[in-house]
Amino acid sequence: MAQKWKWGVLFSGDNLTLAETLHYACMAEDAGADSVWATELGRDAFVPLAAMVARCKRVRLGTGVAIFARPPALTEFSAMSMAELTEGRFILGLGTAPKEWNEDWHGVSYRKPVTRMREYVEAIRLMWTASPTSPINYEGELITIRDYRRLMELPCAPPPIHLAAVQTGMLQLAGELADGLLANVLNTPHYFTDIVHPNVKKGLSKADRSFSDIELCSVKACSVDKDRARARQRVRPSIAFYSRLSYFDQVLDPAGFTREKLAIRDAWGRHDVPTMIDLVTDDMIDALALAGTPDEVRKQLDRFEGLFETVLLYCPMPFIDREESLANHEAMIEAFAG
């Protein structure tokens, strides 16, 4: 296919063994992918990437994303280890994750997430300047670092930092201080023109930067099959799962899916997953995902031409059968092979 942008694959680990993840990462590299990413769901975001380094020699490797429930120093350690291991091909992608995951799973307050992310990035970058004889201190509203010393010199240059963002505050923060933006999995062209670009621009202006200073990336739920109906059915669980999160109101309400999202959230509250999936409409599939035959999926992506630089293909998850996940990874990569 003619390449209009860079493409990569974001691995969630859903229904895949780590060995299978490595297989598909290599397949993606051989197919011409620019990057492969690991997210922090069933596994942490760093170990799968470290395993990929031994097999993937060209692609960039990124956390998509590591969440800020992890203490900044541990993220600084892991990110610098990955930067060294990849010889400069690593991207540190950071995100908040949903409120309930932080509070219920990790015991971390979700108060002022934009402020916390700003301080998180600032603290990590400052820690990269420390040395055994030159400690640093960071005093923020939510994050405090005292007398931090890197007990070894930096082995290489620090990696770029990309921020996952959906809502206006985080989009502006990405424009102000990040090297890249990771637009989350549910999005539309109008969301980019009306929400993403204006708010990233505000952040860029605040820091006297331009769009050339930031890489705009978008995650897209992608389901590919020669059987169009099968591909579309496979993507429903992903749309349902993410529609339940309130920060996607920025996408769903302007697209006209307020009634559908409320019904999906009601079903989720009752733990009624089958109903939640059934509530995803054909219009939602058309607007929010890439789903269909290989030709259809490539054409669907054309709607986003010029709106972002890099597309990160994401196999729908969760709640799909393992065989469906395997088949989709194969077909998805083949569809975008250069």
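Since the structure is predicted, the reported quantities are computational estimates derived from the model, not experimental observations. (Residues numbered from 1 in each chain as written. Predicted model: local features only at pLDDT ≥ 70, side-chain atom pairs only at ≥ 80, totals over all residues. Heavy atoms only, no water.)

J.: Let's hear about the overall build of the chain: which residues, and what values?
T.: From N to C terminus, the chain includes 14 helices and 12 strands. In terms of C-alpha radius of gyration, the chain reaches 19 Å, essentially the compact-globule figure of 20 Å for 338 residues. Seen along its three principal axes, the alpha-carbon backbone of the chain occupies a region of about 65 × 40 × 40 Å. For the chain, buried positions account for 57% of its 338 residues. Residue pairs in contact within the chain that sit at least 24 positions apart in sequence constitute 73% of those at least 6 positions apart. About 13,900 Å² of surface is accessible on the chain, with carbon and sulfur atoms providing 52% of the total. (Helix = DSSP H or I, 4+ residues; strand = E, 2+ residues; numbered from the N terminus. Rg over C-alpha atoms; globule rule 2.2 N^0.38 Å. Buried < 20%, exposed > 50% of the residue type's maximum accessible area, 1.4 Å probe, protein only. Contact = heavy atoms within 4.5 Å. Areas by Shrake-Rupley, 256 points an atom, 1.4 Å probe, with all protein chains shown as cover.)

J.: Could you give an account of the side chain of Glu29, with specific residues and numbers?
T.: Assignment of secondary structure puts Glu29 in helix H1 (residues 18-30). Summary of buried charges: Glu29 has no salt-bridge partner, and the nearest side chain of opposite charge, Arg58, is 4.6 Å away. A distance of 3.0 Å separates a polar side-chain atom of Glu29 from the backbone nitrogen of Lys57. Residues contacting Glu29, with those up to four places away along its chain left out, are Arg55, Cys56, Lys57, Arg58 and Val59. (Lys, Arg positive; Asp, Glu negative; His and termini not counted. Salt bridge = Lys/Arg side-chain N within 4 Å of Asp/Glu carboxyl O. Polar contact = N/O pair within 3.5 Å; in protein donor to acceptor, adjacent residues only side chain to side chain.)

J.: An account of helix H7 (residues 189-206) is requested, with residue identities and associated values reported.
T.: Taking 1.5 Å as the rise per residue, H7 with 18 residues should run 26 Å; its terminal C-alpha atoms sit 25 Å apart, in good agreement. Those residues of H7 that fall on the buried side of the exposure criterion are Pro189, Tyr191, Phe192, Ile195, Val196, His197, Asn199, Val200, Gly203 and Leu204. Looking at the buried positions of H7, the neighbouring elements they touch are strand E8 (161-165), helix H6 (168-177), strand E9 (180-183), strand E10 (215-224) and helix H9 (249-252). Once H7 finishes, Asp208 follows within two positions and takes phi at roughly 55°, a positive value. (Expected span 1.5 Å × (residues − 1).)

J.: Pulling in residues and values, what's your account of unusual backbone geometry?
T.: A cis geometry characterises the amide bond from Gly64 onward to Val65, with omega recorded as 15°. Its place among the elements puts Val65 in the loop between strand E3 (60-63) and strand E4 (66-67). We note that Lys112 has phi near 50°; this positive angle belongs to a residue other than glycine. The residue Phe319 is not glycine, and still its phi comes out positive at about 65°. On the secondary structure map, Phe319 appears in the loop between strand E12 (310-314) and helix H14 (322-335).

J.: I'd love a proper account of H1, names of residues and values included.
T.: Over its 13 residues, H1 extends 18 Å from the first C-alpha to the last, a length consistent with the 18 Å expected when each residue adds 1.5 Å. Buried within H1 are the following residues: Glu20, Thr21, Leu22, Tyr24, Ala25, Cys26, Met27, Ala28 and Glu29. Packing partners of the buried residues in H1 comprise strand E1 (6-11), strand E2 (35-38), helix H2 (47-53) and H14. After H1 finishes, the residue Gly32 shows a positive phi value of roughly 105°.

Read these as spatial facts, not as claims about activity.
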